[in-house]
Amino acid sequence: DALERRRERRDERARSRRPSGWPAWALWAAGVPLALVVLGTFMEVAFAAGRIHPGVRVGDVRVGGLGREAAAGRITEQLGPRVSAPVTVTYGAKKWTVDAKSIDASLSASGFVDAAYAVGRTGPWWQDLAVRASAWVRPVRVPCAVAADPDAVDEVLDLISGEVRIDPVDATVRISGTSAEPVPAADGLDIVRGDLTTRLLEAFVSQARTVQAPSAKVPVQVTDADAAKALADAKLMLSGPANVTFEKSTWEFPATAIAKWIVFEEEPATGTVPSADSTAPVAAGVSQASVRNILVARIGSDEMSSAVLSKAGAVVVEPKDASFAVSNGAVSIVPHQDGTGPDLEKLAADLTVALTTDGDRTVEMRTARMQPAITTEKAKTMGIRERLATYTTSYSPSNKPRVNNIHLLADALDGALVAPGATFSFNGHIGPRTAAKGYQEAPAIVGNKLVPQLGGGICQVGTTIFNAVFFSGLPTVERHNHSFYISHYPKGRDATVSFGGPDFKFKNDTADWVLIKTAHSAGTVTISLYGTDPGYEVEYETGAFENVKPHGVVEKDDPTLTVGSRVVEDEGEDGKSVVVTRIVKKGGQVIRTDTFKSVYKVKTEVVRVGTKPVSTPTSSTPTTH
């Protein structure tokens, strides 16, 4: 009995440990597979220790089961040769060939090895276990692409986009005569740059060497609906004349005039922009416009100004810029003067309201103060305080047309301003020398000869300003010597200018403005530069004449001169060259050395030789008887 009771207690304890309803064979059935999974996991972990897990690939290269070094070697061996082969990008019938050098493509195996080794090792253990288990059945692919220079890739994409892109056309309104017509919107098209970049870089390590460029619609910013109000407003503006009043005057402007004043502008509006074709998909990579624009019709102040000013011209008092007066090298500011004129911006705004409503189409014009471009306050900040350099050249006062031209040119230069960092052009500032401006014919060098020409004498002014710049230390950008040597100009420091031909240019390399001032008399012209002294010290050396070529002499018979008479009609000059070197210093240190080389051509001397016979007086002998 005691033995039986012990057996019952043992069975009771066994039953208490066994799950209710689970027979022994079921426990074995569940436990064996679990044990196998656990055993397989430990074996897989042991096998992959220090290695990439089985089933992992980099692109199409099998690297599972390999150590880092072996995997890197295999990637380089299999993918390296592919990188050197070009890739073709296609879009429809268009093709572009891209080679690795053009985008600086390179393959970094170590980076891909790191990514492959991380597979099954970066998450929670149960996720990693699932990844490793599935890799035995379905390979895990690590994306593979070359590295490249982003700017070079952008250049390739710009080239492709330039041939593929169709710009979107925003809806607008066209004015035809006195009618307003809608111009419908049309979506554009372009490559999807992000997707194409990915495909291109992956193709360099792929066996497939052709990439089709993905494209997508580029939506408009102004749809037909967004332009509807502008169309309606334009039609109202053109529905009749407009009247502008000022004091006791009234001016009527017909619809034909208003049609030239209407401008259409885009303004932001909240909301995103649908495609012109609202059913067309917009692929990822082409961004939708984040700000929707609406079209607005207005009367433009600039567009209507000439028509209004033609009627109200007497109202206008032009403003005067502040200017600079100089005396004995000192500078003073002549204050600006405000002007008065129609307030065109307010008039345009008032007309826009009046012409887009059903009320009165009459608007009163008001006046406004007009400030000049250079106010007294601005002039004070320009840094024009002192004289930087001055130079004077002289000429004969007897040649009245030439003197006239010199004075006109000097007056045109007077007061010219050169902004900091800007380059001054003599021809650009003066413009063509025409009779309408008052220029007269005077001797000028043309084709190595002195001939009468409109504006003759300009080189006197060109030489003067070149020397002023020379001694200021400012950089000379362009300078040309005359065809032949002119002795009354400083040796090697002449400058010729001709509109449409040689120019003289210098640069203001200071931090302040530079002012050009001129003065002239019957026989001299002076040009001075003013600004803030940059501290330049100028030294120069003038070399000896070199490569001297003696001039020839041509004689011309002159029947108005007696035999034996000789008159020099045009003096000759030897051909020669000379070099002038300018050294510019600041604080005792050389900051710039400039070399001005002048090469002068031979000028043949022309002499008139007399051919008129000398008359002999007749004498009578008295007859002797």
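Counting starts from 1 at the beginning of each chain's written sequence and moves along it residue by residue. Note on the predicted model: pLDDT of at least 70 is required for a residue's local features to be given, and 80 or more for side-chain atom pairs to be given and counted; whole-chain, interface and lining totals, by contrast, use all residues. Side-chain measures here rest on the full set of heavy atoms in the structure, leaving out hydrogens and waters.

1. Comments concerning helix H12 (residues 344-355)
For step 1, the next point in the chain: Helix length check: H12, at 12 residues, gives a terminal C-alpha distance of 16 Å against a target of 16 Å (1.5 Å per residue), a fit within 8%.
For step 2, the next point in the chain: Accessibility here uses a 1.4 Å probe with only protein chains present; expressed as a share of the type maximum, an area under 20% marks a residue as buried, one over 50% as exposed, and anything in between as partly exposed. By definition, any uninterrupted DSSP run of H or I lasting at least four residues is a helix, any uninterrupted run of E lasting at least two residues is a strand, and each is numbered from the N terminus. Taken as a whole, H12 has its buried residues at Leu344, Leu347, Ala348, Leu351, Thr352, Ala354 and Leu355. For a helix, the expected span equals 1.5 Å multiplied by the residue count minus one.

2. Structural notes on the pattern of salt bridges
One side chain can pair with another of opposite charge once the charged atoms of both are near each other.
For step 1, the next point in the chain: One side-chain nitrogen of Lys or Arg within 4 Å of one carboxyl oxygen of Asp or Glu is enough to make a salt bridge. Under the criterion given, the structure shown has 26 salt bridges.
For step 2, the next point in the chain: Note that Glu181 is salt-bridged to Arg174, the shortest N-O span being 3.6 Å.
For step 3, the next point in the chain: Taking relative accessible area as the criterion, Arg174 reaches 45% and is therefore assigned partly exposed.
For step 4, the next point in the chain: In this structure, Asp233 engages Lys229 in a salt bridge whose closest nitrogen and oxygen atoms are separated by 2.9 Å. Of this pair, Asp233 and Lys229 are both found in helix H9 (residues 228-237), 4 residues apart, which corresponds to roughly one turn of the helix.
For step 5, the next point in the chain: Judged by relative accessible area, Lys229 falls into the exposed class, the value being 58%.

3. Let's talk about a negative patch on the surface
For step 1, the next point in the chain: Patch rule: a residue counts if its relative accessible area is over 30% and it has no salt bridge; like charges are joined within 9 Å, and nonpolar side chains (Val, Leu, Ile, Met, Phe, Trp, Tyr) within 5 Å. We get accessible surface area from the Shrake-Rupley algorithm with a probe of 1.4 Å; when it comes to residues, only the shown protein chains can shield them. Positive charges come from Lys and Arg, negative ones from Asp and Glu, while His and the chain ends are left out of the count. In this description, the location of a charge corresponds to atom NZ of lysine, CZ of arginine, CG of aspartate or CD of glutamate. A cluster of acidic residues, Asp104, Asp149, Asp151 and Glu155, forms a negative patch at the surface.
For step 2, the next point in the chain: Structurally, Asp151 is set in helix H7 (residues 150-164).

4. Remarks on the sheet that holds strand S25 (residues 476-478)
For step 1, the next point in the chain: Following DSSP output, two strands are said to pair if at least two bridges run between them. On the basis of which strands lie adjacent, the open sheet formed by 3 strands has the order S22-S26-S25 and antiparallel pairing. The open sheet terminates on both sides in strands that have one partner only, identified here as strand S22 (423-425) and S25. Each strand axis lies, on average, 25° off the axis of its neighbour in the sheet, ignoring direction.
For step 2, the next point in the chain: When S22 meets strand S26 (residues 505-507), the two strands line up antiparallel, connected through 3 bridges. Looking across to S26, one finds that Phe424 is bridged to Phe506. To obtain an axis, a line is fitted to C-alpha atoms, over the contacting stretch when the element is a helix, and the angle between two such axes runs from 0 to 180 degrees between their N-to-C directions.

5. Comments concerning unusual backbone geometry
For step 1, the next point in the chain: In the Ramachandran plot, Asn328 falls in the positive-phi region, its phi being about 55° despite a non-glycine side chain.
For step 2, the next point in the chain: Structurally, Asn328 is set in the loop between strand S15 (323-327) and strand S16 (330-334).
For step 3, the next point in the chain: The class for Asn328 is exposed, based on a relative accessible area of 80%.
For step 4, the next point in the chain: Even without being a glycine, Asn547 presents a positive backbone phi close to 50°.
For step 5, the next point in the chain: Looking at Asn547, the relative accessible area reads 57%, which means it is exposed.

6. With respect to the nonpolar core
For step 1, the next point in the chain: Among the nonpolar cores identified, the biggest contains 41 residues, and Val63, Ile75 and Ile103 are the most heavily contacted of them.
For step 2, the next point in the chain: Mapped by element, the contributors of at least two residues to this core are strand S1 (56-58), helix H3 (68-83), strand S3 (87-91), strand S4 (94-98), helix H4 (100-103), helix H5 (109-118), H7 and helix H8 (193-203).
For step 3, the next point in the chain: Counting residues per element, this core draws most heavily on H7, at 6 residues.
For step 4, the next point in the chain: Whether two residues are in contact is decided by their heavy atoms: any pair within 4.5 Å suffices. Ignoring sequence-local partners within four residues, the contact set of Ile75 consists of Val58, Val61, Val63, Gly80, Leu107, Ala109, Phe112 and Val113.
For step 5, the next point in the chain: One finds Phe466, Ile486, Phe506 and Tyr536 within the second-largest nonpolar core, a separate group that totals 39 residues. To qualify as a nonpolar core, a set must consist of buried Ala, Val, Leu, Ile, Met, Phe, Trp, Tyr and Cys residues joined through side-chain atoms within 4.5 Å.

Structural measurements only, silent on function.
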